[in-house]
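Here are the chains, one letter per residue:
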Amino acid sequence: MAEITAAMVKELREKTDAPMMECKKALTEAAGDMAKAEEILRVKLGNKASKAASRVAAEGVVGLYVDAAAKLGAIVEVNCETDFVAKNDDFLAFARALAELVAKNGPADVAALSAMTLNGATVEETRTALVGRIGENVSIRRFVRVEAQGKLSQYVHGGSRIGVLVDVVGGDEQLAKDLAMHIAASKPKALDATGVPAELIETERRIAAEKAAESGKPANIVEKMVEGSVQKFLKEVTLLGQSFVKDDKQTVEQLLKSRGASVASFTLYVVGEGIEKKSSDFAAEVAAQAAAAAAAR
């Protein structure tokens, strides 16, 4: 009997998008023959998942869960290919169920989450079955689980394309909701300057330095101009430094101090952020196909 290696299982899974255990069973049945194993899986699972696996999933929703005490919660991003499927009831229910599963069980990563049980099957089996029903690639991209220091507030916007989970210590429920809405609207990158990635700050400093150098002013003035630009940037991208959306006369930090409250943490997910979407020129594709057909004649 041919040895079934982890690499073989991985290769078959990437080709078919089938669960790992199903891939191993198919390879065993096919005595290690990759092509035959792929046929076995397509007979068992259909070919929808196989076709969908290679397609970019940059649409989707943010699923949120907060327990009754507002002390435990989770946020998860689940992707699909089109905004039409992002409105599908089964797809939405899957995202919400994953958020609850994450909150209650605390998986270490997406792989651990995929191995967990959901309604009598693994999450991975449930995902694959969903792909088969809707005919689109579905992927679990990321999640965060939060045990609150204060109380959690959640907010979704734009058909669940933007989701926020914020842990507010002190204040009241309305303040927490206002802060969650502010985060969704203003999209801060960090709570304060210490959380802003160093590479972002250096990029901003370099741009500011190049602009200031063109002014022709003395070096000491240029240095102050650069520092001023960097500080302005930090106020714009940090939650505490931003002007509050419902009252731009005060910053979020000032608002919190006036209410005797603070923000312990927040998570903001924007669906598809950072995923490279495939763009196509339909006219160019038709022209290319026509040229290929003409060349073949």
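Each remark here, short or long, concerns the structure printed above.
Here goes a summary of the coordinates provided. All values reported here derive from a predicted model rather than from experimental measurement.

**Here we look at unusual backbone geometry**
Working step 1: Although it is not a glycine, alanine 70 sits at a positive phi angle of roughly 60°.
Working step 2: Phi is positive for serine 160, which is not a glycine, with a value near 70°.
Working step 3: Summarising the element assignment, serine 160 is placed in the loop between strand E6 (151-157) and strand E7 (162-169).

**Considerations on the environment of lysine 24**
Working step 1: Mapping lysine 24 onto the fold places it in helix H2 (residues 20-29).
Working step 2: Lysine 24 sits in the partly exposed class, given a relative accessible area of 42%.
Working step 3: In this structure the C-alpha to C-alpha distance between lysine 24 and leucine 12, which are 12 residues apart in sequence, comes to 8.6 Å.
Working step 4: If near-sequence neighbours (up to four positions away) are discounted, lysine 24 is found in contact with Ile4 and Val9.

**Quick word on the packing of helix H9 (residues 198-213) against helix H10 (residues 219-237)**
Working step 1: For the pair H9 and H10, interaxial distance at closest approach is 9 Å and the crossing angle is 140°. Relative to H10, H9 is oriented oblique. When you trace H9 past H10, the crossing you get is right-handed. Facing Leu200, Ile201, Glu204, Arg205, Ala208, Ala209, Ala212 and Ala213 of H9, the residues of H10 in contact are Val222, Met225, Val226, Glu227, Ser229, Val230, Phe233 and Leu234.
Working step 2: Here the contact of H9 with H10 is built from residues that sort into 12 nonpolar, one polar and three charged.

**Some details on the sheet that holds E6**
Working step 1: Taken in spatial order, the three strands of this open sheet run E6-E7-E10, and their pairing is antiparallel. Edge positions in the sheet fall to E6 and strand E10 (262-270), since each has one partner strand and no second. The average undirected angle you get between the axes of adjacent strands in this sheet is 15°.
Working step 2: Two strands pair when backbone bridges link them, and E7 and E10 are joined in this way by eight bridges, in the antiparallel orientation. Residue valine 168 lies in a different strand from E10, and its bridge partner there is valine 263.
Working step 3: Together, E6, E7 and E10 form the strand contacts of helix H8 (residues 173-186), whose direction differs from that of E7 by roughly 140°.

**Focus on the sheet that holds strand E2 (residues 72-80)**
Working step 1: Taken in spatial order, the three strands of this open sheet run E1-E2-E5, and their pairing is antiparallel. The strands lining the two open edges of the sheet, one partner per strand, are strand E1 (59-66) and strand E5 (139-147). On average, adjacent strands in this sheet sit at an angle of 10° to one another, irrespective of strand direction.
Working step 2: The pairing of E1 with E2 spans eight bridges and is classified as antiparallel. Paired with valine 66 across the strands is glycine 73, a residue of E2.
Working step 3: Sheet strands in contact with helix H5 (residues 89-105) are E1, E2 and E5, and its direction is about 145° off that of E2.

**Points about the side chain of asparagine 79**
Working step 1: Along the chain, asparagine 79 falls in strand E2.
Working step 2: Owing to a relative accessible area of 1%, asparagine 79 belongs among the buried residues under this scheme.
Working step 3: Here glutamate 77 takes part through its side chain, which lies 2.8 Å from a polar atom of the side chain of asparagine 79.

**So, the pairing of E2**
Working step 1: Here E2 lies mainly inside the structure; nine of its nine residues are buried.
Working step 2: With burial as the criterion, each face of E2 is covered, one bearing Leu72, Ala74, Val76, Val78 and Cys80 and the other bearing Gly73, Ile75, Glu77 and Asn79.
Working step 3: Remark: five residues form the turn of the hairpin made by E1 and E2, two consecutive strands paired antiparallel; alanine 70 in that turn has positive phi of roughly 60°.
Working step 4: Here E2 pairs with E5 via eight bridges, running antiparallel. Bridge pairing links asparagine 79 to serine 139 in E5.

**Considering the pattern of salt bridges**
Working step 1: All told, the structure shown has 12 salt bridges when counted by the stated rule.
Working step 2: Among the ionic pairs, glutamate 147 bridges to arginine 145, the shortest N-O distance being 2.8 Å.
Working step 3: Using a relative accessible area of 33% as the deciding quantity, one classes arginine 145 as partly exposed.
Working step 4: A salt bridge links glutamate 202 to arginine 205; its shortest N-O distance comes to 3.8 Å. Of this pair, glutamate 202 and arginine 205 are both found in helix H9, three residues apart, which corresponds to roughly one turn of the helix.
Working step 5: On the basis of relative accessibility, which here comes to 28%, the residue arginine 205 falls in the partly exposed class.
Working step 6: One network of salt bridges, in which partners are shared, links Glu77, Arg141 and Arg142.

Quick notes on the rules
- Residues numbered from 1 in each chain as written.
- Predicted model: local features only at pLDDT ≥ 70, side-chain atom pairs only at ≥ 80, totals over all residues.
- Heavy atoms only, no water.
- Helix = DSSP H or I, 4+ residues; strand = E, 2+ residues; numbered from the N terminus.
- Buried < 20%, exposed > 50% of the residue type's maximum accessible area, 1.4 Å probe, protein only.
- Contact = heavy atoms within 4.5 Å.
- Axes fitted to C-alpha atoms, helices over the stretch in contact; angles between N-to-C directions.
- Parallel < 35°, antiparallel > 145°, perpendicular 65-115°, else oblique.
- Left-handed = near helix turned anticlockwise from the far one by under 90°.
- Nonpolar A, V, L, I, M, F, W, Y, C, P; charged D, E, K, R; others polar.
- Pairing = 2+ DSSP bridges.
- Polar contact = N/O pair within 3.5 Å; in protein donor to acceptor, adjacent residues only side chain to side chain.
- Salt bridge = Lys/Arg side-chain N within 4 Å of Asp/Glu carboxyl O.

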